Amino acid sequence: MDTSNVTSPTDAADEQRIRELVARTEKAQTDPDVLPVLHTSDLVLVNFGGRRLFGRETFASAMAEALSSPLKDIRTTLEVDDIRFATPDVAIVSLTKTVHDERSEAEGPSELPLTGAMTYVMTRADGDWRISLAQTTPIR
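Residues numbered from 1 in each chain as written. Predicted model: local features only at pLDDT ≥ 70, side-chain atom pairs only at ≥ 80, totals over all residues. Heavy atoms only, no water.

1. What about helix α2 (residues 56-67)?
For α2, built from 12 residues, the straight-helix expectation of 16 Å at 1.5 Å per residue is met to within 8% by its first-to-last C-alpha distance of 16 Å. Every buried residue of α2 is listed here: F59, A62 and M63. Seen end-on, α2 carries its buried residues on one side only, within an arc spanning 105 degrees. Away from its buried face by more than 90 degrees, α2 exposes E57 and E65. Tucked into the core, α2 has its buried residues touching β1 (39-46) and β2 (52-54). (Helix = DSSP H or I, 4+ residues; strand = E, 2+ residues; numbered from the N terminus. Expected span 1.5 Å × (residues − 1). Buried < 20%, exposed > 50% of the residue type's maximum accessible area, 1.4 Å probe, protein only. Arc of directions from axis to C-beta. Contact = heavy atoms within 4.5 Å.)

This is the structure:
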């Protein structure tokens, strides 16, 4: 990872907090009570399939719907590739998302690629980092 943008101990501490937030999102991906709260109320999210959602409540509703469908058996892992600070309170995080499709043969395999380039825009408010924008582009 290119960490040349980390120039101060504060940036290093923020980078660590951001990495911890990414890990928490990965761990909470099937917990509709935890994952939405890690995002801002005015979140914009574009998922792997290209569906765009506006707002944390819309995201929470879509997540609950997905978890009650065969999509509940799809897991993802995230690898942080780069963190850049646009301002002290705004970070652009580049990630690689890997999809693990654990659905049964009867439910059918996904036609989407198993890897995606993901971008988070994170903002800090009251000392806490939250995801303001999440966008994934499938890698074919």
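After presenting the structure, the write-up continues.
2. Notes on the pairing of strand β5 (residues 115-125)
Of the strand pairs in this sheet, strand β4 (residues 90-101) and β5 are connected by 9 bridges, and their pairing is antiparallel. Bridge pairing in β5 links V90 to T123. From the end of β5 to the start of strand β6 (residues 128-138), which pair antiparallel, there are 2 residues, and D126 there has a positive phi angle of about 55 degrees. (Pairing = 2+ DSSP bridges.)

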